[in-house]
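# Reading the structure
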Amino acid sequence: MEAAQIIVLVAPLFFLLIGVEYWVGRRRGRNAYRLNDALSSIGLGMVSQLVGGLTKLFTLGIYVWVYEHWALLPGLSKDSLMVWGLGLLIYDFLYYWHHRFGHTVALFWAAHAVHHQSEDYNLSTALRQTSSGWLAGWIFYLPMALIGFPPLVFVVVALIDLLYQYWVHTQQIGRLGWFDRWFCSPSNHRVHHAVNDPYLDRNYGGILILWDRLFGSFQEELDEEPCVYGTRDALQSWNPWVANWHVYGFLLKKTAATPGLINKLRVWWEPAHWQPPGVAAAKSEAYDPRAQQRYDPQVSPLRRRLASLLFVLVLGLTSWGLWQAHLLTWWQQAEVLAVVMVGLWAVSRLCSRATQTVSSSQTKPA
């Protein structure tokens, strides 16, 4: 069975858990969902999966080529449980560094920022994934190919690591004691998504939080510092194209304005807020997460219903495209993606209006 088909099969469970989380939040008086934000996040996940199918020959192809030509231990067997267990452990270690560079290097942040743009934090946020990670993210996992882990092992442990991280995107599960000390948990990952000063760029672990403790990037959740979610340069849009490419646009403009070839290259290697020597950073007041306002355009009930109906249709097309991807040509897959993008753009338009309102982050559920 193809990885894309597995995603389609587990998708109903994802939506069931979203429904349960929404119900629990309403019962507790701590609802963490807004329709516009949830549709945006899930839609970006749909696009990410379709793009992943289009770029699989590139990303997986590189892994297979390195494995076939450079593997140090080509005899590692996919029938060995030890190989699978060690493969998952090594993948999670490499994911930690991929994730850490995703916050500290502008090139990788441009891709990863998509996952952090939601100003809500719930299970739909877990589905909010980048569509440009294939450009450079594959570099981090080549050590597995060089060691000699078969491509099947690599693909499956990557899927396991990804699926594990779904459940930690919730505000409805509190601290879990000893579990929080070893594993990525809801409490640990809430910290990772928060923009508060104590939490910024912390807790990168995928399955194990142990990596953060070993490499000095761990921060526990503090009762006196409720998490505020999103990015400091808030997106202010539901458009999936804008979500995926706006950081790249910012970096390209910054590169054009930066003097000197070395400094132009550093724009992409340094953190996104880096300024070249001699260029003063824009003065700003101390960041106050409580003053941050959420992007929340208010639209009519009719527009909300139309957006929901159109979204369901686009979701159906996406599911069909993923299920049939191994039977479709590259161009047919691209056509499905194009129709999905147009549909999600239309959903974003229905959820927006020229005169928008915002709501204070202080009203966010804790």
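Residues numbered from 1 in each chain as written. Predicted model: local features only at pLDDT ≥ 70, side-chain atom pairs only at ≥ 80, totals over all residues. Heavy atoms only, no water.

### So, the environment of Tyr 63
Definition in use: Secondary structure elements follow DSSP: runs of H or I of four or more residues count as helices, runs of E of two or more count as strands, with numbering from the N terminus. For every residue, the accessible area obtained with a 1.4 Å probe (protein chains only) is divided by the maximum for its type, and the residue is called buried under 20%, exposed over 50%, and partly exposed between those limits. Here a residue-residue contact requires only that any non-hydrogen atoms of the pair lie within 4.5 Å.
Inspection of the secondary structure assignment puts Tyr 63 in helix α2 (residues 35-70). We classify Tyr 63 as buried; its relative accessible area is 2%. In this structure, the C-alpha to C-alpha distance between Tyr 63 and Arg 30, residues 33 residues apart in sequence, is 44 Å. Not counting the four nearest positions on each side in its chain, Tyr 63 is found in contact with Tyr 141, Leu 142, Met 144, Ala 145, Phe 149, Pro 150, Pro 151 and Phe 154.

### Quick notes on the confidence of the model for the protein
Detail in the predicted coordinates should be disregarded across regions flagged by low pLDDT. Just so we agree on the cut-off: Within a predicted model, pLDDT stands for the predictor's per-residue confidence, ranging from 0 to 100.
Overall, the predicted model of the protein reaches an average pLDDT of 93, with 94% of residues at or above 70. For residues 360-366, every residue scores under 50 in pLDDT, and the model assigns this stretch 22 contacts once sequence neighbours within four places are set aside.

### Observations concerning the pattern of salt bridges
Counted only if it meets this: In what follows, salt bridge is the name for a side-chain nitrogen of Lys or Arg lying within 4 Å of a carboxyl oxygen of Asp or Glu.
The final tally for this structure, using the stated rule, is nine salt bridges. In this structure, Asp 296 and Arg 34 form a salt bridge, with 3.3 Å as the shortest nitrogen-oxygen distance. With a gap of 262 residues between them, Asp 296 in the loop between β1 (293-295) and α13 (301-323) and Arg 34 in the loop between α1 (3-28) and α2 connect regions that are remote in the sequence. A residue is classified by how much of its surface remains accessible, and Arg 34, at 12% relative accessible area, is buried. With a shortest N-O distance of 3.0 Å, Glu 221 and Arg 190 are connected by a salt bridge. Of this pair, Glu 221 sits in the loop between α10 (210-214) and α11 (240-257) while Arg 190 sits in helix α9 (residues 186-193), and the two are 31 residues apart along the sequence. Like Arg 190, Glu 221 is buried.

### Structural notes on helix α14 (residues 330-350)
The line we're drawing: Helix span, expected: 1.5 Å multiplied by one less than the number of residues in the helix.
Helix length check: α14 (21 residues) gives 30 Å between terminal C-alpha atoms against 30 Å at 1.5 Å per residue, within 8%. When we look at burial in α14, the residues that qualify are Gln 333, Val 336, Leu 337, Val 340, Met 341, Gly 343, Leu 344, Val 347, Ser 348 and Leu 350. The inward-facing, buried residues of α14 contact α2, α11 and α13.

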